[in-house]
Amino acid sequence: MENRLDFADYTIDSAVAQKLSFASIEQMCFTLQKYSAACFDISYNNFKRYAEKDKLCVDPKIRCWVNLSFNEIAGSEPFSQICLRWRHKASGSLSRLTDAIAAAGGSRVFIAIENAWELCEADFSLYFDVARRCGVKGIIYCCNGAEDFLKLYDKLSRIIKIAPCPIEFKTKNRLGLAAAQSMSAIKAGVSRIAASVAGVHCDCPLEEVLMAAKFLWRVNIGAGEHLAGDFQRILLTLGFDIPAKKALIGSEVFAHESGIHVDGIIKETTLYEIIKPEDVGAKRKLVIGKHSGTASIRIKFKSFGIELSEDELKGLLLKVHQLAQMQKDPVSDAQLNALYQYDSAHRCLSSKGRMNYVSCKKI
Amino acid sequence: MCPVKKFDIVDTTLRDGEQSAGLVFSEKEMIAIAKALDKTGVKWIEAGTPAMGIGEQKIMSRLFEQRLSATLIAWNRANKNDILASVNCGFSWIHISLPVSDLHIRCKLKKDRNWVIEKLKESINFARSLNCTVTVGAEDASRADPEFFLEYARAAAECGAVRIRYADTVGCFDSFTAYTNLKYIAEKCPLPIEFHGHNDFGLAVANTISAYKAGVALASCTLLGIGERAGNADMQKVIESLKALYSFDCGIDTKKLAAVSKIIPPNFCPSALSRRSS
């Protein structure tokens, strides 16, 4: 396995589509380059509507995707790299494609075969011939998100062996398979994977492929310790709410509530965490709720400076479960303390009379 | 390798799904989810953990009153109190879980492999003495010695368990390791295997598809992929992937599944990226 990973980022295209300021986009590019983003793909349509066009097209890392139209090819002239969208047809002529490559100036051109999953290896030979003749910089294999990972790996491995230029990979996440398919492509030896932060705009979630390659395959990727914060900021800038449980970058992805899991985490974090929260710049969280066990309550009160007896623990646990079920929410520290105070007062008063538990409102 | 002809989905929304930190289903929601899942054609519902207490036991009993076609399964640790609590709720299908990785056995339980095998046999025999059908769980199987997993499976089979869950507890599989490891195990395992994937690297659905390809017979899934940490395998995506890649029909109505998924609060869904409302 090559110890290198390279991404074509699509997050920026979302920013361009939303007409965010160039300063914001520049900041995003700077951040994403920490995460192996080697180029930033934007669509010509979004570029056309963007106010600060001149600043976008001078950046050599920005690649413009165009349809095979004279206007778009001409309009993309200032870019150092362009990608021609192409759909293969059986027995179709490639002359339109070769004409477009010539018009675009071959050596800055990539070809994206948007239905590559339908092609057999012999079909790719046609495009390799075009690539040789026209000096094409690379070919992008666009997958529809529904290819078997082993067959994809086999197919890409064979294609890459005979390709005269780098092969990139792009896929869709409609079936939740984009990260895995991208990993098949990496294993096969593609030079670059299309991805975006949390799968925005492009579908393959960058953080998933990056961290899976780093921690499962030991690919040398230096960055990571600020991943969660960096990607959360980018998503907020783009106007997205990040799911709290989003793999690797969600705010609650290292939150533990279930008694068995908390008990395990206390003993050894690797029992229930394949990576440490610090590996992605996140924090572990202990949630007290319906599924908590005595270990959670004990450790929570230890943080308050209180050592609980077994009886106190059992009594509190029952009330925690009841309260969490009643309010359909975790039990806050303030509520926990109130329950403890109530229990203590109740034990104190038990010989003198009854005290009724009324409610414990969430503060 | 021919794809398996039979592949069942085991829904664990009400058990592992609800273990998503901070998530609580009301009794009404649990019943609604169970009934709706039943209508989609889901055959197996892991309903909960009666050992959690009286509140949970009450809800479990209410689930039985719904007379669902799906089989309700209770999750248990390998101890008699857990199993008795489940039986007293009305469960006749009991799932008993023990860890099989040396990491879990040594660090969590402070025991050894022999203890795990003995505890497994003891608890299966106890559950069977109460006329229960038993499935067993192998926690952290993806980090376990495969030969010990097979030893565990053989012990379970000898005691009368009917299937075994292979848990990728911390989501450390990728498609390739899932396929390779599960293919090896599936060819030698005396019991049908249920793959249980977690989504820590966003690979739970893909690993479940690899499991299907490797020849396992069942997979745990949840609605919208909710569950511990980054969740479990998203049932809808697993079903749609099997259809798209292998023309395999799980026999579950995905339109009805999409409807029941609306009961799940969206902020617990790991993949629901949404625009901020202005």
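For the structure given in this document, a descriptive report is provided here.

### Considering the interface of chain B and chain A
Interface extent is often summarised as the accessible area lost during association of the parts.
So, step 1. Contact residues are listed per partner, giving 61 residues for chain B and 66 residues for chain A.
So, step 2. Remark: the boundary between chain B and chain A carries 5 salt bridges.
So, step 3. Where chain B packs against chain A, one counts 24 residue pairs in polar contact (both at pLDDT 80 or more).
So, step 4. Counting only elements with at least two residues in the side of chain B that touches chain A, the list comes to α1 (27-40), α2 (54-65), β3 (71-77), α4 (102-108), α7 (175-188), α8 (204-214), α9 (235-246) and β9 (274-275) of chain B.
So, step 5. By residue class, the composition of the side of chain B that touches chain A is 29 nonpolar, 14 polar and 18 charged.
So, step 6. Sheet analysis places strand β9 (residues 240-241) of chain A next to β9 of chain B, joined by 2 bridges and oriented antiparallel. Within β9 of chain B, the residue paired with D241 of chain A across the bridge is S274 of chain B.

### Brief notes about the layout of surface pockets
So, step 1. Size it by volume and the largest pocket reaches roughly 1200 Å³.
So, step 2. Lining the largest pocket are 44 residues; nearest its centre among them are G259 and I260 of chain A together with W75, R77 and D82 of chain B.
So, step 3. Counting only elements with at least two residues in the lining of the largest pocket, the list comes to α12 (259-267), α13 (294-303) and α14 (310-327) of chain A together with β3, β4 (93-99), α5 (113-129), β5 (133-139) and β6 (163-168) of chain B.
So, step 4. When its residues are assigned to classes, the lining of the largest pocket shows 15 nonpolar, 17 polar and 12 charged.
So, step 5. Together, 28 residues line the second largest pocket, and N173 and G176 of chain A together with K237, P270 and S271 of chain B are the ones closest to its centre.
So, step 6. Elements with a contribution of two residues or more to the lining of the second largest pocket: α9 (178-188) of chain A together with α8 of chain B.

### Structural notes on the side chain of S123 of chain B
Residue and element names in this part refer to chain B.
So, step 1. Mapped onto the secondary structure, S123 falls in helix α5.
So, step 2. Assessed through its relative accessible area of 2%, S123 is described here as buried.
So, step 3. Among all residues touching S123, those that are not within four sequence positions of it are A78, I83 and I96.

### A word on the packing of aromatic side chains
Working definition: an aromatic ring pair is given by the centre-to-centre distance plus the angle between the planes.
So, step 1. A full pass over the atoms with the stated rule returns 23 aromatic pairs over all chains.
So, step 2. Here F7 of chain B and Y212 of chain B contribute two aromatic rings whose centre-to-centre distance is 5.2 Å and whose plane-to-plane angle is 90°, an arrangement assigned as edge-to-face. A residue pair is termed long-range when its members are at least 10 positions apart, and F7 of chain B in the segment before β1 (8-11) and Y212 of chain B in helix α8 qualify at 205 residues. There is no split in this pair, since F7 of chain B and Y212 of chain B are both buried.
So, step 3. These aromatic residues form a ring-pair network of at least three members: F149, Y153 and W217 of chain A together with F176 and Y179 of chain B.
So, step 4. Of note, R63 of chain A hangs over the ring of F110 of chain A, and the distance from its end group to the ring centre comes to 4.5 Å.

### Let's talk about empty space enclosed by the protein
So, step 1. Under the criterion given, the structure shown has 2 cavities of 30 Å³ or more.
So, step 2. Split by residue class, the lining of the largest cavity holds 8 nonpolar, no polar and 2 charged.
So, step 3. Roughly 50 Å³ of internal volume is contained in the second largest cavity.
So, step 4. Taken together, E147, D148, F149, L177, A180 and Q181 of chain A together with S175, A206, I209 and L245 of chain B form the lining of the second largest cavity.
So, step 5. If you list the elements that add at least two residues to the lining of the second largest cavity, you get α9 of chain A together with α8 of chain B.
So, step 6. The residue makeup of the lining of the second largest cavity, split by class, is 6 nonpolar, 2 polar and 2 charged.

### What to know about the sheet that holds strand β7 (residues 167-170) of chain A
All names here are of chain A.
So, step 1. The 8 strands are arranged β1-β2-β3-β4-β5-β6-β7-β8 in a closed barrel whose pairing can be described as parallel. Geometrically, the sheet is characterised by an average inter-axis angle of 30° between neighbouring strands, direction not taken into account.
So, step 2. Across the sheet, helix α2 (residues 22-33) is in contact with β1 (7-9) and β2 (37-43); its angle to β2 comes to roughly 140°.

### Quick look at the nonpolar core
So, step 1. Counting residues in hydrophobic clusters, the biggest one holds 189 residues, and the most contacted among them are L84 and Y141 of chain A together with Y152, I164 and M235 of chain B.
So, step 2. Judged by nonpolar contacts, the second largest core, of 15 residues, contains F301, V320, L339 and Y340 of chain A.

### Concerning the pattern of salt bridges
So, step 1. A full pass over the atoms with the stated rule returns 44 salt bridges over all chains.
So, step 2. K285 of chain A serves as the salt-bridge partner of E252 of chain A, at 2.3 Å between the closest nitrogen and oxygen. Remark: K285 of chain A occurs in strand β11 (residues 285-286) and E252 of chain A occurs in the loop between β9 and β10 (255-256); sequence separation between them is 33 residues.
So, step 3. Between K119 of chain B and E122 of chain B there is a salt bridge; the shortest N-O distance is 3.3 Å. Taken as a pair, K119 of chain B and E122 of chain B lie in helix α5 at a separation of 3 residues, close to a single helical turn.

### Points about the packing of α5 of chain B against helix α6 (residues 146-158) of chain B
Residue and element names in this part refer to chain B.
So, step 1. Contact geometry for α5 and α6: axes closest at 9 Å, N-to-C directions at 25°. As summarised for this structure, α5 and α6 are arranged roughly parallel, according to the angle between their axes. Regarding α5 and α6, the two cross each other, and that crossing is right-handed. Residues R113, V116, I117, L120, K121 and I124 of α5 lie in contact with α6, whose contacting residues are F148, E151, Y152, A155 and A156.
So, step 2. When grouped by side-chain class, the residues that make up the contact of α5 with α6 number 8 nonpolar, no polar and 3 charged.

### Notes on the side chain of T49 of chain B
So, step 1. Within the element layout of this structure, T49 of chain B appears in the loop between β2 (44-48) and α2.
So, step 2. T49 of chain B has contacts with R15, E56 and W75 of chain B, leaving out every residue within four places of it along the chain.

### What about the environment of K137 of chain A?
Residues and elements named next belong to chain A.
So, step 1. Relative to the assigned elements, K137 resides in the loop between α7 (121-134) and β6 (138-142).
So, step 2. C-alpha of K137 to C-alpha of V109: the two residues are 28 residues apart in sequence and 5.7 Å apart in space.
So, step 3. Beyond its immediate stretch of four places on either side in the chain, K137 contacts G106, S107, R108, V109, F110, C165 and P166.

Rules and cut-offs
- Residues numbered from 1 in each chain as written.
- Chains lettered and ligands numbered in written order.
- Predicted model: local features only at pLDDT ≥ 70, side-chain atom pairs only at ≥ 80, totals over all residues.
- Heavy atoms only, no water.
- Contact = heavy atoms within 4.5 Å.
- Salt bridge = Lys/Arg side-chain N within 4 Å of Asp/Glu carboxyl O.
- Polar contact = N/O pair within 3.5 Å; in protein donor to acceptor, adjacent residues only side chain to side chain.
- Helix = DSSP H or I, 4+ residues; strand = E, 2+ residues; numbered from the N terminus.
- Nonpolar A, V, L, I, M, F, W, Y, C, P; charged D, E, K, R; others polar.
- Pairing = 2+ DSSP bridges.
- 1 Å grid on protein atoms, 1.4 Å probe; cavity = no way out; pocket = protein on both sides within 12 Å on 5 of 7 lines; lining within 4 Å.
- Points joined across faces, edges and corners; volume = space filled by probe spheres on them.
- Buried < 20%, exposed > 50% of the residue type's maximum accessible area, 1.4 Å probe, protein only.
- Phe/Tyr/Trp six-rings, centres within 6.5 Å; stacked < 30°, edge-to-face > 60°.
- Lys NZ or Arg CZ within 6 Å of the ring centre and 35° of its normal.
- Axes fitted to C-alpha atoms, helices over the stretch in contact; angles between N-to-C directions.
- Core = buried A, V, L, I, M, F, W, Y, C linked by side-chain atoms within 4.5 Å.
- Parallel < 35°, antiparallel > 145°, perpendicular 65-115°, else oblique.
- Left-handed = near helix turned anticlockwise from the far one by under 90°.

In short, geometric facts, not functional conclusions.
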